[in-house]
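# Structural description and commentary
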Amino acid sequence: IGTPNSVYIETHHGFRRYNPMILGQFLEHFHRQVYGGVFEPGSPLADVHGFRLDVIAALRELNVPIVRWPGGCFVSAYHWTHGVGADRQPSYDKAWCVEEPNTFGTDEFVTWCRLIGAEPYLCTNAGTGTPEEMSDWVEYCNLENTGRWARLRQANGYAQPHKVQYWSIGNENYGSWEMGAKTADEWGYFVAESAKMMKHVDPTIKLLAAALPDLEWTLKLLRHAGQYLDYVSIHGYWDPLWQNDQPSDYATCMTRALEPEAAIRMTEHILAVAGFEGRIGIAFDEWNLRGWHHPQGNSPEAITVRNRNDLNATYTMADAVFSAGFLNACLRHSKTVGMANMAPVVNTRGPLFVYPDGVVKRTTFHVLSMYANLLEANVIDTWVSGETLECVGKSVPAVDAVATCDDDMQTWSVALVNRHAERAVSCQIYLGGMPLNGRCSLTVLCGDSPDAYNDLTHPDRVTPIASEVMIECGAITLSPHAVSVIRPRI
Ligand code: AHR
């Protein structure tokens, strides 16, 4: 046990409600996320529509608030009209250079979202698509029966509008890897024109647009289109997966711990400079510790590399500890961060791995479940002081913590992370200046090693363990490489 760490929960400034959409998810037409992931017609585990029931049951445990779809890079050459109605033809997916069957489209996505209890969030094609195509999609989804697209939806068997509230204009359109990438000058103008048309169809929708924690891109976007936007969308993948032919070790993953908050701060700064502080929020609508390896096409080599992203052994307690730190950063910045979507929801690096005959809940699944089920609805200012961890030439705080409470400030819940790989740390918790005392329930996710992971043969090697503890004078010991949630008993 090392030097003491202190967690100060500041009760004088009150609390603020955070947006539960920070526990959102992302589903892309890429590799086995949709087909062979959430959708597998003919599988004994699927319902009559092809939705995997075991996937639905698992995701319900996470109270997933919102899912972004259909991409990702995929969307920048996707035409939504190809994925609705009875006569659907496969098309060529220009992002990933494979065939897209189009059997899972808008209606299936919205139906699936309702089954898991999530809001659908549609990302539009701002690469090869047009503002008009985007606004037609809004019409298809949200108008009752005015116009040919709304009536097409009705003819397709959906009498009532889908009422899709969240729409994003584009995906990473700043990137040379995107179909139809734009310059910063083009982007603001294009977003403004798209937003105008979409809002003329349904003025109640919430709009997002592809942004960056980068002054030039995002200031230009805000100058032209800020008046139409509710959120700017930013993405973050911090650890390049499969460097030197293997995933990064635990210590290297910990060096990334502070990067999400740095991106949030930079984006908040840009919003303030542009005069949109308090008016436009941040949606971290793709995030994951591990970066992507996504070769295109269906050559055996490309498939092998894509399958390698699926390996459960890659996704260890490092992913869990990083993800809890990411969520803590969103909670700390809950004034601006109104949405975050882990990417992707299933397979590759997602929290849930889907086999033909079952699912495996990875370490990150349990973090999401703890945050969804054990935290209260409001966040309260929390300060941590204590030891620093030296990892691979970088210093990061060993402990990270965020406290939450209910509306009466009666029920409390504190999420705590110990980044030490091997060492338990002692921690003093002060609530409103007084050391925390009394009986608490404690839930700990740590597994038996920093490299522990779940897979088919050991699906429960890492699971949260709940116990009752007695806290005296605020003192608690945090297990190594662990995510813990402590809830004082009233
Ligand atoms: O998900 C793989 C890709 O990573 C997404 O399509 C893109 O948005 C991100 O760069």
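In case you missed it, the structure is sitting above this.
The present account deals with the structure reproduced in this document. (Residues numbered from 1 in each chain as written. Predicted model: local features only at pLDDT ≥ 70, side-chain atom pairs only at ≥ 80, totals over all residues. Heavy atoms only, no water.)

## A word on the environment of G393
Going by this rule: Numbered from the N terminus, helices here are DSSP runs of H or I no shorter than four residues, and strands are runs of E no shorter than two. Remark: exposure states derive from per-residue accessible area (1.4 Å probe, protein chains only) relative to the maximum for the residue type, with buried under 20%, exposed over 50%, and partly exposed in between.
Tracing the chain through its elements places G393 in the loop between β17 (388-391) and β18 (394-397). For G393, a relative accessible area of 83% gives the class exposed. For the pair G393 and T252, spaced 141 residues apart in sequence, the C-alpha to C-alpha distance is 9.4 Å.

## Digging into the site of the ligand
For the record, the criterion: The near set for a molecule or strand comprises every residue that places at least one heavy atom within 4 Å of it. The definition of a polar contact used here is a pair of N or O atoms within 3.5 Å, where within protein one atom must be able to donate a hydrogen and the other to accept one, and adjacent residues in sequence count solely through side-chain atom pairs. Note that accessible areas follow from Shrake-Rupley with a 1.4 Å probe, and for residues the cover is restricted to the protein chains shown. Side-chain classes follow a simple rule in which Ala, Val, Leu, Ile, Met, Phe, Trp, Tyr, Cys and Pro form the nonpolar group, Asp, Glu, Lys and Arg form the charged group, and the remainder, Gly included, forms the polar group.
Near the ligand, the surroundings consist of E28, G72, C73, W96, N171, E172, Y237, E286, W292 and H294. Within the side chain of E172, a nitrogen or oxygen atom sits 2.7 Å from an oxygen atom of the ligand. Contact with the protein chains removes 95% of the 280 Å² of surface that the ligand exposes when unbound. In the shell around the ligand, the residues fall into four nonpolar, three polar and three charged.

## Description of the nonpolar core
Operational definition: Side-chain atoms within 4.5 Å are what join buried Ala, Val, Leu, Ile, Met, Phe, Trp, Tyr and Cys residues into a set we call a nonpolar core. Should any heavy atoms of two residues lie within 4.5 Å, those residues are counted as being in contact.
Within the largest apolar cluster, 119 residues are counted, with the highest numbers of intra-cluster contacts made by L27, F104, F109, W112, W167, I169 and Y371. Counting residues per element, this core draws most heavily on helix α10 (residues 317-332), at 11 residues. Setting aside its immediate chain neighbours within four residues, F104 contacts L27, H29, V34, Y35, V38, F39, F51, W69, R88, F109 and W112. If you look at the next biggest cluster of nonpolar residues, it comprises 24 residues, including I9, A401, A403 and C440.

This is a description of form; function is not addressed.
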